[in-house]
Structure formats: C-alpha cells, structure tokens
Amino acid sequence: MDRATPSRHREAEEQPAPAGRPTASFALPARPGAPSTGRLLRDLRHLEAMARRTGLAWKWTGDRTGLPYGELSEAASELGRRFRQLGMLEHHLFARRLAIDLLTCDPAADPVEVAGTLSALREELRALERHEEALEVSGRALALLRDAFSPRDTELWHALILALREHLKVLLDAGRSAEAGPFARELAELSADLAAAVPRHARRLALMLHELSAGEDERELLPERTLLAKGAVQAADAAVPFDPWLRTLTRSRYARLLAGGGRPLQAREVLTEALPSATPRCRPVLARELSRLAEALAAAGLPGEAAETVAATLPLHESLAEDDPQWAPAYVETLLRVSAHRLLTGRHRDARRLAERALAVAEPLPSKLPLALAHEHFSGLLARTGAEEDAERAARRALRCWRELAEADPERHREDLARAWQHLGNRLLALDRLEEAAAAVRRALDLLETGHPQRPGALNSLAVCLQRLGRHAAARDTARQAADALAQLGTDPHTRLRLAQVLANLSDHHAALREAQQAAAACVQATEILEELYERDPARYGPELLNVLPRTASRLAVIGDLEAAVRVATRDAEVLEALEGAQAGLDLGRTLITLGGYLNELQRYEEALPVLRRAEALCAQDPLSRAVALGRMSWSRYGLGDPVQAVRLIRRSIALLEPDEHGDGPHAAQLGLLLNDLSHHLRACRRPVEALGVAARATAIFERLPVHVPAHVRGLCIALREKARALSALGRHAQARALLERADELDATVPDSP
C-alpha cells in the first residue's frame with residue numbers, strides 16, 4: 001500500500017542507485033515485509049534531504065558504507081521524534097516507517113521487537129483515523145510473527161495472539177468487518193492451544209477473548225464473536241488453578257451468542273456443563289442465563305426443551321432463595337413454570353407438588369404478587385385434574401390477592417385483575433353456576449379497553465356462558481366481537497390459534513340458531529387457519545386441527561356440500577395417520593366410518609366399501625363403532641344392488657349390540673336404528689313379514705327410551721314409518737296410515753338438528 005504524503009516525492013518506479021553510491025552493504029534477508037534494496041536506498045536519501053531542509057543532524061550521508069541496519073533504524077527513529085516535536089507529522093511518519101523498514105531488514109532483530117515497533121506505528125495511525133494505513137502496518141506485523149512463529153516460543157505465541165487481537169480492532173475501524181472471520185478463528189484457536197499448552201497463561205487469555213467477544217449490538221459480528229467466545233471457554237477450562245467463576249463468565253457469553261445465532265440447544269449444553277462446579281458467586285449468573293435461554297427455546301418452538309432448562313435451574317433458585325430472600329419471587333416463578341410443564345405432560349402428581357411448594361414459598365413474602373400467581377396457577381392445575389370446586393376456591397384466593405395489588409397500584413395490575421375475574425368466571429362456568437360466571441367475565445371486560453389483547457378471550461368466555469344460558473343470539477354476537485377483535489391483533493401463531501378456536505365456537509352458536517350456512521363458513525375459516533399453522537408445526541397444532549375437522553365436515557354435510565365434507569373427512573383421516581400412525585386405531589376407524597357415510601350419501605358406493613372395511617378392522621375392539629361400520633357397509637351393498645348381502649351385514653351389526661336378558665342394553669338407540677335399517681333391507685328382498693317384525697321391535701325399543709331426547713323421537717318416527725311400509729306391503733293400508741299420521745305428529749314436536 002502506498003504511504004502517506006511523503007511518498008508523493010518518490011519515483012513511480014524503482015531506479016538503480018546513482019554511480020558512486022554504495023549498494024553492496026544492503027543485501028536484504030528474506031523476511032516478510034522487508035523492502036527492496038532500491039526502495040530502501042531511495043527512502044534513506046529522501047530522509048537525508050528532509051533532515052537537511054529542516055536543519056537536523058543525520059548520521060548517514062549516502063556515501064557511507066557498512067552502517068548496521070539497527071543503528072540506522074535507531075537514527076531514523078530519533079529523527080522521527082524530532083520531526084514530531086516540530087509538528088511535522090508527515091515527516092515524522094515517514095521517518096517512523098523507514099525505521100521499521102530498516103529494522104525489518106536486520107537479520108539480528110527480534111521479530112517480537114519489530115512487531116512491537118509496528119504496533120506503535122499502527123496505534124499512531126489509528127489515533128489519526130488513518131485506518132487503511134493502520135491496517136497495512138498491522139498486516140505487516142502479522143506476517144512477520146506468523147513467519148517466525150514456533151509453538152515452543154511462548155513469547156512469540158503471545159505476540160502473535162496480541163497482534164491478531166489488534167488486527168481485528170483495526171479491521172473494524174476500517175469498516176471491513178466482513179474480513180474479520182478468519183482472523184477471529186485464528187485468534188481463538190491459537191489462544192485455546194496456548195492455554196492448553198501453558199495453563200498458567202489460560203486465565204489471561206480467557207479474559208482477553210471474553211472481552212473481545214462483547215458487543216453492543218447482539219447481532220453485530222455474531223459469527224466472529226461466537227468464535228472468540230468459544231476460545232474463551234476453552235481457555236477458561238484449561239486454567240490452573242481451576243476457576244469456576246471464569247468458567248461461568250465465559251460460558252454465559254458463549255451460550256448467549258449461540259442462542260442468538262439460532263443454536264439454543266448447543267447453548268443449553270454449554271451452560272449446564274457449568275452447573276456441577278457452580279459456586280455461590282456463579283449461581284445468580286447461571287440462573288439468569290438459563291432462564292433467558294429457556295425463553296429462547298420456547299420462542300424457537302421447543303417448549304419441552306425450554307421446560308427442561310427451567311427445571312435445571314430449580315436447585316439454583318432454591319439455593320439462592322435460601323441465601324437471599326430477594327430471590328424468592330424468582331424461585332416461585334420457576335416452580336410454577338416447571339409445574340405447568342409437568343401438568344402438560346401428564347405428570348400431575350409432580351405438578352401439584354411443585355405448585356404447593358410455590359404456595360409455601362410465596363405465602364410469607366411481603367409482596368402479594370408471587371402468591372397471586374401461585375394461587376392462579378394452582379386453580380388451573382386443580383381444574384385440569386377435575387377438582388373444579390377446589391379450583392374455584394383457589395381462583396377466589398388469587399382474585400383477593402390481585403385486588404389488593406390493584407388497589408395499591410391500579411395501572412400496573414389492571415390486566416392481572418381482569419385475568420383473575422375471567423379465570424374465576426371459567427371456574428364458575430365449569431360448575432354450571434352460569435349467571436355468576438357471566439357476571440365475573442363481565443367484570444373482566446369492564447377492566448379491559450377495546451383493542452386490549454385479553455379482551456377477545458373474555459368475550460369468548462362470555463359467549464360460552466350466554467350459550468349455556470340459552471341466549472344463543474347474544475352468544476353469537478359476542479363471539480363475533482371476539483373474532484373481529486382477534487383478527488385485528490396480528491398474525492402471530494398464538495393469535496391465529498385463538499382466532500381459530502373462537503371461530504369454531506362461533507360456528508356452534510350459529511348452528512344453535514339454525515344458521516347453517518354461517519356455521520359452515522365459520523368452521524371452514526377456522527380449519528383454514530389451523531391448516532396454515534399445522535404446516536408450520538404439525539406436532540403442536542395437529543390436535544387443534546383434529547378437533548375442528550370433524551365439525552367442519554359435519555357442518556358442510558348439513559348444508560348439502562357433501563363433496564366438500566368428503567374432502568374434509570379425508571383430510572381428517574390423513575392428519576390422524578400422520579400424527580399417530582399405528583396408534584391412531586379406533587379414532588381413525590371412527591373417522592373412516594364418517595367418511596364412508598358421506599360417500600354413501602353421494603352414491604359413491606364402490607369407494608365407500610373399502611373405507612368401511614378398514615374402519616371395521618380398526619374398530620374390532622369396540623362393538624358399537626364396529627356395528628356402525630357394518631351398518632354403513634350394508635347400505636353400500638344395498639346401493640350396489642345387493643340387498644341380500646346388505647341383510648347379512650346388518651344382521652352381523654345387530655348381533656354385536658344385542659342386549660342380555662336384563663333389558664335393551666347400553667346401546668339401545670343405536671340398536672333401534674340398525675333394526676330400522678334391517679327392516680328396510682328385508683323389504684327390498686321382498687320379505688315384508690320379517691320386515692314388519694323387525695320394525696315392531698325397533699318401535700318398542702324407541703318407545704322405552706326417554707322422549708325428551710330429540711334423537712330418540714327421530715328414531716321412533718323412522719321405526720313407525722318402516723313399520724307402516726311393511727304393513728302396506730302386506731296390504732294393511734289403514735294400519736299403515738295410522739302409523740304414518742302418528743309419525744308426522746311426533747316429527748312436528750322435534751326441532752331441526754343444528
């Protein structure tokens with residue numbers, strides 16, 4: 001790289017020395033960065049002229065020979081200092097450069113000393129913000145030290161490490177951070193190797209690399225800083241004597257950088273390796289870093305790993321809370337987080353033990369906040385395990401705590417108090433205390449302004465209360481408000497999931513009002529959202545999708561869109577198999593029964609048969625489901641023009657549900673429906689007498705069932721009509737008409753199916 005201003009006085013190309021000027025004494029050794037003979041002579045003459053013009057003494061006059069490089073270098077350095085005193089900056093820098101060139105040529109010069117001189121010039125240039133020149137000088141020092149490097153010379157090793165460190169800084173000064181990667185890697189590896197070879201140096205090296213790995217912007221130079229942090233960890237591990245604090249310090253930085261780079265699992269491994277040797281000084285750092293890492297794991301879609309990471313901090317938080325009460329709230333929070341995960345994974349006993357421990361720790365604390373959180377969580381846990389009355393009492397205790405907190409600081413705890421009212425409303429709803437539940441949820445809504453992210457959840461809870469109270473129109477309108485509010489909150493996965501759940505509930509409200517088209521549309525919209533989420537994370541969103549797909553198929557069938565119902569039911573089966581595989585079993589069998597039914601209604605009998613055969617096989621251990629599958633197979637056979645085979649299949653179906661001698665059995669309603677089907681098939685086989693007997697039995701079964709159940713009344717109407725048709729086939733028309741009139745009268749008393 002060209003020098004600064006003095007270089008403008010040089011010739012563009014090197015010229016041989018004038019006659020009479022000696023050159024023999026300048027046989028240059030082969031060293032990195034050493035100048036050519038011609039250039040060196042030219043620079044010496046130029047320095048001589050500069051000294052002459054300023055009246056300064058100069059030892060070399062151009063016609064002297066044999067003067068050693070070292071003495072010349074010292075002379076040039078001295079002249080440079082004089083120039084500096086006179087304020088002649090460019091002259092000073094020129095002399096400094098020449099001094100270094102001469103020193104570089106001296107075969108006796110120590111490479112470490114030469115590199116030190118280069119470093120001093122580099123720092124001068126950095127101070128002057130002449131970054132490209134500083135970078136050139138830094139590169140010369142690196143080349144010199146690399147060429148001289150020997151792993152047996154620790155002084156050279158140290159010098160090269162320091163030169164690499166400073167070179168990284170100069171690269172950043174020059175705005176050339178993209179070139180920093182190889183140097184960061186070399187620095188980290190050399191430092192780790194030196195620490196391993198000479199452990200007494202390890203601590204200093206670890207601290208140096210740790211300092212270099214810091215950055216104001218978490219994303220700036222992340223790969224390079226990660227390399228340096230890794231080297232710091234390796235050096236700290238090699239330190240003698242072993243230093244737990246240094247190990248914790250370096251691993252914390254390295255783990256944070258790994259997590260920031262999308263490697264949270266590796267970050268967890270790095271941190272947990274420091275746990276066994278953690279001293280009291282280390283524990284707060286490890287507790288904070290592991291908690292932060294758990295949040296990163298959860299954000300990365302790894303909730304199980306996040307929970308395990310939080311669980312690993314429990315002993316740390318317990319120890320910290322014992323030594324310092326200020327850590328008790330963090331200990332309570334950690335206990336609750338681990339308890340929540342235990343609950344999700346079905347480990348209810350562990351979950352309860354941890355929740356009770358959180359309550360015990362929170363109870364004596366001066367702040368009510370940890371206790372409020374603990375009661376709120378414990379209420380949810382109790383509800384999840386079926387102890388609804390205990391859950392309601394715990395919800396009231398949580399509400400009391402939140403009310404105290406809100407009285408002391410209304411703005412801070414307004415949302416918390418609203419959540420507590422809503423939670424109490426949900427617990428009251430589970431106990432069928434519907435008016436109280438609705439009142440509690442309305443209290444929550446009073447605290448939440450329009451647009452608040454908690455408001456849609458409260459509206460949805462209120463809609464459910466209203467539906468259970470029979471106020472279907474109000475429930476529908478409230479659920480629609482919840483859906484509209486969620487649609488405005490954003491497109492993050494959590495909000496989209498909540499929107500799908502509210503839309504599914506809205507579909508139920510429409511169905512209760514006999515608004516079949518709107519019910520189907522809401523369900524289809526919910527399904528589309530869940531399909532989108534399922535594509536992102538099948539394991540997380542698959543169960544939610546499976547909860548909505550059957551409802552969507554049913555809603556579509558109600559409005560007569562059987563083709564769409566078939567597509568949705570087929571998708572239901574596909575998702576079940578994808579998520580559960582061979583474990584799908586009975587659930588898959590029941591889904592295939594539904595699909596087979598839709599295919600029958602579309603008269604696609606040949607497609608329906610294999611679907612229903614597979615369903616029967618999957619339902620082999622469940623008599624009711626198997627009976628339904630056989631019943632629908634009988635209709636497929638009937639549709640294909642084989643009523644005899646249809647009769648055989650329906651008889652097999654009925655045999656599975658035949659009661660013992662103590663009555664109609666647990667599946668009386670389904671048995672009655674199958675008997676209706678058998679009566680139909682027997683008539684198709686021209687066997688009206690048998691059909692009449694079967695229809696009479698079906699009628700008797702339905703007449704014994706509770707009449708307040710609409711499905712039982714519908715079954716009785718079908719049985720009466722089947723019996724009437726059998727009587728007509730036998731010529732007994734008057735009796736048939738009487739039965740048909742009765743069936744019509746009963747039909748008028750039953751509301752349409754939602």
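**Brief notes about the side chain of T334**
Here's step 1: Structurally, the position occupied by T334 is in helix α15 (residues 328-344).
Here's step 2: On the basis of relative accessibility, which here comes to 6%, the residue T334 falls in the buried class.
Here's step 3: One polar contact links the side chain of T334 to the main-chain carbonyl oxygen of A330, over a distance of 2.8 Å.
Here's step 4: Those residues in contact with T334 that lie beyond four places of it in its chain are V310, T313, L314 and H317.

**What about helix α7 (residues 180-197)?**
Here's step 1: With 18 residues, α7 should cover 26 Å at 1.5 Å per step; its first-to-last C-alpha distance of 26 Å lies within 8% of that length.
Here's step 2: Taken together, the buried positions of α7 are A180, G181, F183, A184, L187, A188, L190, S191, A192, L194 and A195.

**Observations concerning the packing of aromatic side chains**
How two aromatic rings sit relative to each other is given by the distance of their centres and the angle of their planes.
Here's step 1: Within this structure, the stated rule accounts for two aromatic pairs.
Here's step 2: On the numbers, 5.8 Å between centres and 85 degrees between planes, the contact of F149 with W157 is edge-to-face.
Here's step 3: Owing to a relative accessible area of 27%, F149 belongs among the partly exposed residues under this scheme.
Here's step 4: A centroid spacing of 5.6 Å and a plane angle of 80 degrees characterise the contact between W635 and Y638, whose relative ring orientation is edge-to-face.

**Considerations on the environment of D243**
Here's step 1: Relative to the assigned elements, D243 resides in the loop between α9 (222-238) and α10 (244-260).
Here's step 2: For the pair D243 and S277, spaced 34 residues apart in sequence, the C-alpha separation works out to 9.3 Å.
Here's step 3: Among the polar contacts made by the side chain of D243, one reaches the side chain of R203 at a distance of 2.3 Å.
Here's step 4: Reaching out from D243, the side chain makes a polar contact with the backbone nitrogen of W245 at a distance of 3.1 Å.

**Section: helix α31 (residues 668-684)**
Here's step 1: Here α31 contains 17 residues, and its C-alpha end-to-end distance of 25 Å stays within 8% of the 24 Å for a straight helix at 1.5 Å per residue.
Here's step 2: Judged by how many residues are buried, α31 sits mostly within the fold: 12 of 17 residues are covered.
Here's step 3: Those residues of α31 lying buried are A668, L671, G672, L674, L675, N676, D677, L678, S679, H680, H681 and L682.
Here's step 4: Turning to α31, the residues buried within the fold contact α29 (623-639), α30 (643-657), α32 (688-704) and α33 (710-729).
Here's step 5: One or two positions beyond α31, positive phi appears at R686, with a value near 65 degrees.

**Considerations on the pattern of salt bridges**
Here's step 1: For the structure shown, the criterion picks out 56 salt bridges.
Here's step 2: In this structure, R352 engages E356 in a salt bridge whose closest nitrogen and oxygen atoms are separated by 3.0 Å. In this pair, R352 and E356 are both assigned in helix α16 (residues 348-362), four residues apart and thus about one turn of the helix distant.
Here's step 3: Its relative accessible area of 35% is what places R352 among the partly exposed residues.
Here's step 4: Since its relative accessible area comes to 36%, E356 is described here as partly exposed.
Here's step 5: E392 is the salt-bridge partner of R433, the closest N and O atoms lying 3.9 Å from each other. Remark: E392 occurs in helix α18 (residues 388-408) and R433 occurs in the loop between α19 (410-430) and α20 (434-447); sequence separation between them is 41 residues.
Here's step 6: Residue R433 is classed as partly exposed on the basis of its relative accessible area of 29%.
Here's step 7: One salt-bridge network, held together by shared partners, links R122, E123, R126, R165, E166, K169 and D173.

**A closer look at the confidence of the model for the protein**
Low pLDDT marks regions whose predicted coordinates should not be analysed in detail.
Here's step 1: Averaged over all residues, the pLDDT of the protein is 85; the fraction at 70 or higher stands at 89%.
Here's step 2: Confidence drops under pLDDT 50 across residues 1-31; counting only partners more than four residues distant or on other chains, this segment forms 63 contacts.
Here's step 3: In the model, residues 61-66 has pLDDT below 50 throughout and makes nine contacts with residues more than four positions away in sequence or in other chains.

**Re the packing of α15 against α16**
Here's step 1: Across the interface, α15 lies against α16 with an axial gap of 8 Å and an inter-helix angle of 165 degrees. When the axes of α15 and α16 are compared, the pair comes out roughly antiparallel. In the crossing of α15 with α16, the sense of the turn from one axis to the other is left-handed. Contacts between α15 and α16 involve A328, Y331, V332, L335, L336, V338, S339, R342 and L343 from the first element and H348, D350, A351, L354, A355, R357, A358, V361 and A362 from the second.
Here's step 2: Of the residues belonging to the contact of α15 with α16, the class tally is 13 nonpolar, two polar and three charged.

The rules behind each value
Residues numbered from 1 in each chain as written. Predicted model: local features only at pLDDT ≥ 70, side-chain atom pairs only at ≥ 80, totals over all residues. Heavy atoms only, no water. Helix = DSSP H or I, 4+ residues; strand = E, 2+ residues; numbered from the N terminus. Buried < 20%, exposed > 50% of the residue type's maximum accessible area, 1.4 Å probe, protein only. Polar contact = N/O pair within 3.5 Å; in protein donor to acceptor, adjacent residues only side chain to side chain. Contact = heavy atoms within 4.5 Å. Expected span 1.5 Å × (residues − 1). Phe/Tyr/Trp six-rings, centres within 6.5 Å; stacked < 30°, edge-to-face > 60°. Salt bridge = Lys/Arg side-chain N within 4 Å of Asp/Glu carboxyl O. pLDDT = per-residue confidence, 0-100. Axes fitted to C-alpha atoms, helices over the stretch in contact; angles between N-to-C directions. Parallel < 35°, antiparallel > 145°, perpendicular 65-115°, else oblique. Left-handed = near helix turned anticlockwise from the far one by under 90°. Nonpolar A, V, L, I, M, F, W, Y, C, P; charged D, E, K, R; others polar.

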